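Structure assessment
So you can see what is in the structure, the chains are spelled out below.
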Amino acid sequence: MTQEVKEIFGSALASKVRTLGPSMTRSMQRVAEAVAKDPAGCAALTVTGLAELTGTSEATVVRTARLLGYPGYRDLRLALAGLAAQQQSGRSPAITTDIAVDDSLADVVAKLAYDEQQTLADTAAGLDTVQLGAAVAATASARRIDVYGVGASGLVAQDLTQKLLRIGLIAQAHSDPHLAVTNAVQLRSGDVAIAITHSGATGDVIEPLRVAFEHGATTVAITGRPGGAVAQYADHVLTTSTARESELRPAAMSSRTSQLLVVDCLFVGVAQRTYETAAPALAASYEALAHRHRR
């Protein structure tokens, strides 16, 4: 079996490790990297054996397994054994994530669909529901909501504000950095500012979030780099997946997919929390636009 095939089979686990890595301690990262690099070898180890291999403790191994989405090490070990069995069978996967310039459109559709599914699964696995719940609570009761994003993240920012407006909340998206800062100056306690940046280092997004933070607003960062600069001005951090990019699938495509999932989770949580006012507002907006759909 080629190294390429091994990498394909292990890509989902490796992607999850990349996504969750920044939230792990260094010792947990060693465990996660070991199982992603050699699932067959680690599947043969007891919890004690894996702890010794990685120079950590049994407790660290168990905590890592849980962070990766398994109830305990036994469940992780079973998953690794299944992955190892697939590798040893020598079966080629139905699809890979790399798109070639001469791929048929049918292959492009299949590969993109597979990649999107993996991105969504990795984002869901790494999303901290405690942080999400806190962001939902703050947004639901906010006097005003400002959302910052540029480029592809700016499109996601617009998507979120349109959703919030339809349930009767006061929200606006800012892609112009100067306008974003001048609006952030007006925020106070009881307001919410949301920054969307995959890299966690976009200055035009960080600056208005910093201003909002310093003026007492509750701040939220939606980012693929929870350890990035944006996090220092965020009361709540919602982590998106960090997917592997290729020549024909730039990072903006996968980051947008994961950002939209987080935005939808935030919106639905807010709609649930404000259902008595959100439901009539949604109904009213549907009614106001209904005649346009009948033409």
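Here's what I pulled together on the structure shown here. This structure is a prediction, so every number in the text was calculated from the model and none was measured. (Residues numbered from 1 in each chain as written. Predicted model: local features only at pLDDT ≥ 70, side-chain atom pairs only at ≥ 80, totals over all residues. Heavy atoms only, no water.)

**A word on helix α9 (residues 129-140)**
Since the α-helix packs 3.6 residues into each turn, any two residues three or four apart lie on the same face. When the terminal C-alpha atoms of α9 are compared, their 16 Å separation across 12 residues agrees well with the 16 Å that a helix rising 1.5 Å per residue should span. Listing the buried residues of α9 in full gives L132, A135, V136, A138, T139 and A140. Capping the start of α9 is the job of one residue whose side-chain oxygen sits 2.9 Å from the backbone nitrogen of V130: D128. (Helix = DSSP H or I, 4+ residues; strand = E, 2+ residues; numbered from the N terminus. Expected span 1.5 Å × (residues − 1). Buried < 20%, exposed > 50% of the residue type's maximum accessible area, 1.4 Å probe, protein only. Polar contact = N/O pair within 3.5 Å; in protein donor to acceptor, adjacent residues only side chain to side chain.)

**What about the side chain of T64?**
Mapping T64 onto the fold places it in helix α6 (residues 58-67). Ignoring any residue separated from it by four or fewer positions in sequence, one finds T64 in contact with M28, V31 and A32. (Contact = heavy atoms within 4.5 Å.)

**Digging into the nonpolar core**
Counting 29 residues, the largest nonpolar core has I145, L164 and I194 as its most contacted members. Among the elements that make up this core, the one with the highest residue count is helix α13 (residues 251-273) (six residues). Counting 21 residues, the second-largest nonpolar core is a separate cluster that includes V17, M24, V61 and Y73. (Core = buried A, V, L, I, M, F, W, Y, C linked by side-chain atoms within 4.5 Å.)

**Some thoughts on the pattern of salt bridges**
Going through the model one piece at a time under the given rule, you end up with seven salt bridges. The salt bridge partner of R144 is D146, with a shortest N-O separation of 3.2 Å. Accessibility classification places R144 together with D146 in one group, the buried group. Its salt-bridge partner being R210, residue E207 comes within 2.5 Å of it at the nearest N-O pair. On the criterion of helical spacing, the pair formed by E207 and R210 is a turn pair, its members being three residues apart in helix α12 (residues 203-214). Here the residues in one salt-bridge network are D159, K163 and D264, joined through shared partners. (Salt bridge = Lys/Arg side-chain N within 4 Å of Asp/Glu carboxyl O.)

**Section: the sheet that holds strand β3 (residues 192-197)**
With parallel pairing, five strands are arranged side by side in an open sheet as β2-β1-β3-β4-β5. Only two strands of the sheet have a single neighbouring strand rather than two, namely β2 (171-174) and β5 (236-239). Averaged over neighbouring strand pairs, the angle between their axes works out to 15° when direction is ignored. The sheet contact formed by strand β1 (residues 145-148) and β2 spans four bridges and is parallel. Looking at the pairing, V147 lines up with A173 of β2. Against the sheet, α9 touches β1, β3, β4 (218-223) and β5, its axis set at about 120° to β5. The strands that helix α10 (residues 152-166) touches are β1, β2 and β3; relative to β2, the one it contacts most, it runs at about 170°. (Pairing = 2+ DSSP bridges. Axes fitted to C-alpha atoms, helices over the stretch in contact; angles between N-to-C directions.)

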